[in-house]
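Chain by chain, the residues run as shown.
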Amino acid sequence: MPLDRRSFLATTATLAVTATGGCTGCAPSPTASLRMAAADDSGIARAALHTFGAGDGADDDPENPDALAREVVETGAATVEDTHEPLPTDEPVVVGDGVYRFDAERVDSRELRSFGVTINPIRVAEGEETPGPSERIRYGDLPEVDRGVLAGRGYDDGRPVGIGTSLSYRPETVPDSVLVPEPEYPVIVWPDGPARFEVDSDNTYTVYTYELTAERVSSATAFGADVRERFGFELDGLPAGEREIVDTATTTGTAEPDGGPHPRAGTDYHVAHDEEPSDGFRSLVERFRAHRRVVVHDWQEESYEEWEASGEYVVAYEGTTYWTRLDVDESVFTETPTKR
């Protein structure tokens, strides 16, 4: 599948965990790493921008933002309820073969009460006793409002296997409930067995109705070409030490048929935390430092100091274009300590 910006960064982060023994936060990160994934112009756009519907199958889930983004693009608009803007509106994104900007207008709002609850099964087969008839109620005998809320969480076919979750009610329906705010019955009996029901918290929050629209601003190919022309540079005439490093980094990545960068997880060129970078890697880092990192969002300007080499680049090497991620501990490469 094509790799978007989120996945590319995730695999880079995974490498750091792998290199430190698989333990996040308990060992130092690599001193430096270089990952280069072959990409055409469309692939560059998907790597540079947040990409919806990257082909992992999750976009078939109606609860997944990928499905919503696709609906807005394909139909021109959608109306949804959420506690916040359900799609990004402050940056361009990739959907399919295009680059779009979403707009989300609040057109309505309503209050909901959220009850934190704990539902724990009573294991009758293991000897746990079920409370008497006055303390239990069958799921099918619950008021419609309670059954509707539980069904909305997927708890209509059978009892949950021990969970803590939240249930949301419209304020005007709470008086019709026998479960909230104080359970009239501490036990609910599902067809597959009873479970204790407890209310732990009671809060109010606002749900907004958004009208979503999308504006196509470019094709993914055209956007990627612009990024390549603005930020791309070529690595050529490399001495043997630098060439060996780049060859290692480029052979760990491959391109999908549609041009999306898709480096194989867990492999790139890296310098372990307890190793010194070679002279070849030091000089290669300085080559990168002399060029511009890819910056397509305002927040990227604030992510690094201008003199830092770490970042994302578009690099041409031996006739192929690569989406490149370089990470270095500047305290090893310069006299200026890295800000952590």
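Residues numbered from 1 in each chain as written. Predicted model: local features only at pLDDT ≥ 70, side-chain atom pairs only at ≥ 80, totals over all residues. Heavy atoms only, no water.

Visitor: How do you make sense of the overall build of the protein chain when you look at a structure like this?
Guide: Per the secondary structure count, the protein chain includes nine helices and 15 strands. In the protein chain, which comprises 340 residues, the share counted as buried stands at 44%. Relative to all contacts within the protein chain whose residues are 6 or more apart in sequence, the contacts with residues 24 or more apart total 72%. Only carbon and sulfur atoms are counted for the fraction: they give 45% of the accessible area of the protein chain, which is about 17,100 Å². (Helix = DSSP H or I, 4+ residues; strand = E, 2+ residues; numbered from the N terminus. Buried < 20%, exposed > 50% of the residue type's maximum accessible area, 1.4 Å probe, protein only. Contact = heavy atoms within 4.5 Å. Areas by Shrake-Rupley, 256 points an atom, 1.4 Å probe, with all protein chains shown as cover.)

Visitor: Explain the pairing of strand β5 (residues 98-121) to me, please; I cannot follow it from the model alone.
Guide: The side chains of a regular strand alternate between both faces of the sheet. Strand direction decides the pairing type here: strand β4 (residues 93-95) and β5, joined by three bridges, are antiparallel. Looking at the pairing, V95 lines up with G98 of β5. Linkage of β4 to β5, two consecutive antiparallel strands, is achieved through a turn of two residues, within which G96 is found at a positive phi near 65 degrees. Where β5 and strand β9 (residues 193-219) come together, 23 bridges link them in antiparallel fashion. Looking across to β9, one finds that R110 is bridged to V207. (Pairing = 2+ DSSP bridges.)

Visitor: Just checking my understanding: could you explain the side chain of E330 for this structure?
Guide: Among the structural elements, E330 can be located in helix α9 (residues 330-333). In terms of polar contacts, E330 uses its side chain to reach the backbone amide nitrogen of A309, at 2.7 Å. (Polar contact = N/O pair within 3.5 Å; in protein donor to acceptor, adjacent residues only side chain to side chain.)

Visitor: Honestly, helix α4 (residues 144-152) in this entry has me stumped. Any pointers?
Guide: Residue pairs spaced three or four apart in an α-helix point in one direction, given the helix's 3.6 residues per turn. If you check which residues of α4 are buried, you get V145, D146, V149 and L150. All buried residues of α4 project into a common sector of 125 degrees when viewed along the axis, lining one side. Exposed and oriented more than 90 degrees from the buried face of α4 are E144 and G152. Where α4 is buried, its residues touch β7 (163-169) and β8 (187-190). Residue G154 follows α4 closely and has a positive phi angle near 85 degrees. (Arc of directions from axis to C-beta.)

Visitor: Just checking my understanding: could you explain unusual backbone geometry for this structure?
Guide: For the peptide bond that leads from V180 to P181, omega is -5 degrees, which places it in the cis range. Mapped onto the elements, P181 comes out in the loop between β7 and β8. Positioned with a positive phi, E318 is a non-glycine residue whose angle comes to about 50 degrees. With respect to the element layout, E318 can be found in the loop between β14 (311-317) and β15 (320-328). In this structure E318 comes out as exposed when scored by relative accessible area, which is 55%.

Visitor: Where do I start with the confidence of the model for the protein chain in this structure?
Guide: Averaged over all residues, the pLDDT of the protein chain equals 84, while 80% of them reach at least 70. The low-confidence segment residues 1-24, where pLDDT is below 50, has 58 contacts with residues more than four positions distant or belonging to other chains. Segment residues 254-259 is flagged for pLDDT under 50; beyond a separation of four residues in sequence, or across chains, it makes 19 contacts in the model. (pLDDT = per-residue confidence, 0-100.)

Visitor: Even after reading the chapter, I still don't get the packing of helix α2 (residues 41-48) against helix α5 (residues 220-231), so can you show me in this structure?
Guide: A packed helix pair is summarised by two numbers, namely the angle formed by the two axes and the spacing between the axes. With their axes 7 Å apart at the nearest point, α2 and α5 run at an angle of 80 degrees to one another. In terms of their interaxial angle, α2 and α5 are classed as roughly perpendicular. Here α2 contributes D41, S42, I44 and A45 to the contact with α5, which in turn contributes A220, T221, F223, G224, A225, V227 and R228. Looking at side-chain class alone, the contact of α2 with α5 contains six nonpolar, three polar and two charged residues. (Axes fitted to C-alpha atoms, helices over the stretch in contact; angles between N-to-C directions. Parallel < 35°, antiparallel > 145°, perpendicular 65-115°, else oblique. Nonpolar A, V, L, I, M, F, W, Y, C, P; charged D, E, K, R; others polar.)

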